[in-house]
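These are the residues of each chain, in order.
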Amino acid sequence: MDEEAGRLRNMYREKKFSALLLLRLAFQSLGVVYGDLGTSPLYVFYNTFPRGINDSEDVIGALSLIIYSLTLIPLLKYVFIVCKANDNGQGGTFALYSLLCRHANVRTIPNQHRTDEELTTYSRSTFNEQSFAAKTKRWLERYAFRRNALLILVLVGTCMLIGDGILTPAISVLSASGGIKVNHPKLSSDVVIVVAVVILVGLFSMQHYGTDKVSWLFAPIVLLWFLLIGGIGVFNIWKYDTGVLKAFSPVHIYRYFRRGGRDSWTSLGGIMLSITGTEALFADLGHFPVSAVQIAFTVVVFPCLLLAYSGQAAYLMQNKEHVVDAFYRSIPDRIYWPVFIVATAAAVVASQATITATFSIIKQALALGCFPRVKVVHTSKKFLGQIYIPDINWILMILCICVTAGFKNQSQIGNAYGTAVVIVMLVTTLLMILIMLLVWRCHWILVLLFTGLSLVVECTYFSAVLFKIGQGGWVPLVIAAAFLVIMYVWHYGTLKRYEFEMHSKVSMAWIVGLGPSLGLVRVPGIGLVYTELARGVPRIFSHFITNLPAIHSVVVFVCVKYLPVYTVPEEERFLVKRIGPKNFHMFRCVARYGYKDLHKKDEDFEKKLFDSLFLFVRLETMMEGCSDSDDYSLYGPQTERSREALLNDNVNTASSLADPTISSIDSIVQIKSPSHANFTSRSSDRTSSQAEVDQTEFLNNCRDAGVVHIMGNTVVRARRDSRFYKKIAVDYIYAFLRKICRENSVIFNVPHESLLNVGQIFYV
């Protein structure tokens, strides 16, 4: 009995600890996930009634719309449905796209291989070929234009989120700074703009420090902000008009539209600002578990927002003329300045979260070949997702200042903001339809129900936003169009370059025909030939040996490949194989990364590559001593003995990559998934050991002689008979982007003294 009681007490402690940990994570999520959504009360009512309030009943109708918008979109759709469609905890449009890429062959760059599916992070589900999911998969894969349309849809959502990263700091900081003018009405509006610009410059200038050093302040600030706006809301409801609570009846929505007609319809563009930040909620999901985000929203965010909007509505029922600055006017005088300080701090936190999310999105686009190579700085040793992109940071700052100083008021910025948000929501809904069909395999009735409810609400808002395109709504469209052109042209050039490499790769028959010396002088050293191909010998190699009379004693083809997974574990990163007979001394090494992984300068890429290469050679030599070729073929798993040898030598594990086109002369060793094996005799062990020493010594000597990094400098040109828009895209836009983006040698931190560029031109 005592033992049973002790066991129950331990279980209770574990559950209690888990609950406390979950509550702590929910508290921390407030500062990262909900900053943008929480600052919406600063500007919603002003953007809803930019021309003033004619009837007090309109305030009730607007409040009812806000209540049900918060309930349907953030609460039901995002927090309880969309957040579950995460990619191993990662959120955002690219996370949804990566899920779809794993469940259907929709990637436009065909560099997938069957060994990629063996990754521990490559989770996917299988389904019956006769199921509706299988039919949807085949429909999506049938034509290339459908895959391109899906990619463009994801890019549109991404570009709108980038626009969100520009507009959120502008409207949040400008709205918070507007509080200065409430107590000092004689101040010029230009003073408010100058204060907002100064705050924005300071905000963007601090980005290189990273959020890790100041993030411990975010959650307390946002929690204090929610408690303040909730408390002020309760005070205003009690003081001014408790009748606003009747807005919880949806009947007032119908009356609002019947009474106002087109004006009520167009006011939806302002009401929709009450749910801005919802798209950032999903994009920032990777920092916290879904349950913590759900607890924070249902316990703190949702009730405090409802009270805040209800309190402002109660104040406006008796002070309709104060709609321009309803939030600050409704604050009790005794706590005005403390609330102003907290509001400014909350606006900065909301802006910070959106800027960080923008960096993460661009990093994901870069990993999938949809954005030019830019410098990515890792700002935290503890959190992988906290990055800083200097070029993008300064572009965001300039555009944000231009928007703030150009519009000079919240109304037009609010119109622009609403346009960006509603398009992102529509993109998410369309992607969720495919997720529910292919990944979740939901019944078509559930899919239809989700799609119908989501599209009815979001298309209604979208139709209202269309009326305000001429009043500022054009801004995110222009910004998104510019980024979309950049991203799609870069992806098009990347795809064409890969297709050229695939079609012009060298056949293994030609390599074998050259003989062990490849028909050239083999000089001491190791040549690392970088290529985008995971299979075959790249054309750059034949181009090199055709023009130079010598090649290194050991040649390693290095392919860096990004997969549609959020991360690739270090022990599964490198795939090593041999190309051709042993006396050729040619290898291939494929380095695999996820869209969250980062090339850091302190990461010794070359050292890890050689560790994997040496490990492959040793395992290959060990497995040649196996007596039973059926059980221990070079395509099988490693032996228990070889695993013990690896543990003794403290070498990182690696995997191998099979190439069906040259499998007859490739030696493949699967280094993962150990199994038992028996060797024939001690003599074979000695022979294997001696061969291993010889191979390892040879590689060491070549490494000591010097390592040369051979990279291709491919120039893409449009054919003379190409259409004019293709010439503009390839010869000017793509060429310009290639010129200003970072070189691969910089990304891999290759020293200039050991770098050799091989140029080639091809026409598309």
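Quick notes on the rules
- Residues numbered from 1 in each chain as written.
- Predicted model: local features only at pLDDT ≥ 70, side-chain atom pairs only at ≥ 80, totals over all residues.
- Heavy atoms only, no water.
- UniProt positions renumbered as here; feature names shortened; annotations may be inferred.
- Axes fitted to C-alpha atoms, helices over the stretch in contact; angles between N-to-C directions.
- Helix = DSSP H or I, 4+ residues; strand = E, 2+ residues; numbered from the N terminus.
- Parallel < 35°, antiparallel > 145°, perpendicular 65-115°, else oblique.
- Left-handed = near helix turned anticlockwise from the far one by under 90°.
- Contact = heavy atoms within 4.5 Å.
- Nonpolar A, V, L, I, M, F, W, Y, C, P; charged D, E, K, R; others polar.
- Patch = residues over 30% accessible without salt bridge, like charges linked within 9 Å, V, L, I, M, F, W, Y side chains within 5 Å.
- Areas by Shrake-Rupley, 256 points an atom, 1.4 Å probe, with all protein chains shown as cover.
- Salt bridge = Lys/Arg side-chain N within 4 Å of Asp/Glu carboxyl O.
- Buried < 20%, exposed > 50% of the residue type's maximum accessible area, 1.4 Å probe, protein only.
- Pairing = 2+ DSSP bridges.
- Phe/Tyr/Trp six-rings, centres within 6.5 Å; stacked < 30°, edge-to-face > 60°.
- Lys NZ or Arg CZ within 6 Å of the ring centre and 35° of its normal.
- Core = buried A, V, L, I, M, F, W, Y, C linked by side-chain atoms within 4.5 Å.

- Taking an unreviewed UniProt entry as the reference, the protein chain is identified by name as Potassium transporter belonging to Populus trichocarpa.
- Listed under Function (unreviewed entry) in UniProt, the entry text for the protein chain is "Potassium transporter."
- Per its UniProt entry, the protein chain bears the Sequence similarities (unreviewed entry) comment "Belongs to the HAK/KUP transporter (TC 2.A.72.3) family."

1. Some words on the packing of helix α4 (residues 56–79) against helix α11 (residues 251–260)
No. 1: Interhelical geometry of α4 versus α11 gives an angle of 125° and a closest axis separation of 8 Å. With respect to their mutual orientation, α4 and α11 come out oblique. Crossing geometry of α4 relative to α11 is assigned as left-handed. Residues E57, D58, I60, G61, A62, S64, L65 and Y68 of α4 touch α11, and the partners they reach there are H252, I253, Y256, F257 and R259.
No. 2: Across the contact of α4 with α11, the residue classes tally to seven nonpolar, three polar and three charged.

2. Remarks on a nonpolar patch on the surface
No. 1: Among the surface-exposed residues, F132, W444, I445 and L448 lie close enough to one another that they form a single nonpolar patch of about 470 Å² accessible area.
No. 2: Sorting elements by how many residues they give to the nonpolar patch places helix α20 (residues 444–466) first, with three residues.
No. 3: Mapped onto the elements, L448 comes out in helix α20.
No. 4: According to the relative accessible area criterion, L448 is exposed, its value standing at 55%.

3. Focus on the pairing of strand β4 (residues 550–562)
No. 1: With eleven of 13 residues buried, β4 is to be regarded as a mostly interior element.
No. 2: Where strand β3 (residues 521–531) meets β4, nine bridges bridge the pair, whose relative direction is parallel. Across the sheet, R522 pairs through a bridge with I551, a residue of β4.
No. 3: Sheet topology places β4 next to strand β6 (residues 586–593); eight bridges connect them, and they run parallel. Paired with V560 across the two strands is A591, which belongs to β6.

4. As for the sheet that holds β4
No. 1: One open sheet accounts for six strands, arranged β5-β6-β4-β3-β9-β10; its pairing is mixed. Strand pairing shows two members of the sheet lacking a second neighbour, β5 (574–579) and β10 (755–763), which therefore form its edges. Here the strands of the sheet are splayed against their neighbours by 25° on average, with no regard to which way each runs.
No. 2: Taken together, the six bridges between β5 and β6 define a ladder with antiparallel strand orientation. Note that in β6 the partner of K577 across the bridge is R588.
No. 3: Here helix α23 (residues 539–547) sits on the sheet and contacts β3, β4, β6, β9 (707–717) and β10; the angle it forms with β10, its principal contact strand, is near 110°.

5. Quick word on the packing of helix α7 (residues 144–177) against helix α17 (residues 336–367)
No. 1: Axis separation between α7 and α17 bottoms out at 9 Å; the angle between their running directions is 170°. One element, α7, and the other, α17, form an angle in the roughly antiparallel class. Viewed along their axes, α7 and α17 form a crossing whose handedness is left-handed. Contact with α7, carried on its side by T158, L161, I162, D164, G165, T168, P169, S172, V173, A176 and S177, involves F340, A343, T344, A347, A350, S351, T354, I355, T358, I361 and I362 of α17 and no other residues of that element.
No. 2: Grouping the constituent residues of the contact of α7 with α17 by class yields twelve nonpolar, nine polar and one charged.

6. Some details on the pattern of salt bridges
No. 1: Under the defined criterion, the tally for this structure stands at twelve salt bridges.
No. 2: For R329, the salt bridge is made with D325, and the minimal N-O distance between the two is 3.2 Å.
No. 3: Given the relative accessible area of 23%, D325 is considered partly exposed.
No. 4: Here D611 makes a salt bridge to K607, at a shortest N to O gap of 3.1 Å. You can see D611 and its partner K607 sitting in helix α24 (residues 605–623), four residues apart, about one turn around the helix.
No. 5: Take K607: its relative accessible area is 42%, and that puts it in the partly exposed class.
No. 6: Ionic contacts of the salt-bridge type, sharing partners, join the residues D55, D58 and R259 into one network.

7. Brief notes about the packing of aromatic side chains
Note on aromatic pairs: each is described by the distance of the centres and the angle between the planes.
No. 1: Following the criterion strictly, the structure yields 20 aromatic pairs and no others.
No. 2: Ring centres of W225 and F327 lie 5.4 Å apart, and the angle between their planes is 45°; this geometry places the pair in the tilted category. Of the two residues, W225 is situated in helix α10 (residues 215–239) and F327 in helix α16 (residues 326–329); the sequence distance between them amounts to 102 residues.
No. 3: Three or more aromatic residues joined by ring pairs form one cluster here, namely W225, F327, Y328, Y336, W337 and F340.
No. 4: Directly above the aromatic system of Y122 lies the positively charged group of R102, at a separation of 5.8 Å from the ring centroid.

8. Quick word on the nonpolar core
No. 1: Counting 162 residues, the largest nonpolar core has Y34, F45, F226, Y328 and F371 as the members making the most contacts within it.
No. 2: With 19 residues, the single largest contributor to this core is helix α19 (residues 410–439).
No. 3: Grouped together as the second largest cluster of nonpolar side chains are 28 residues, A367, V556, C589 and A591 included.

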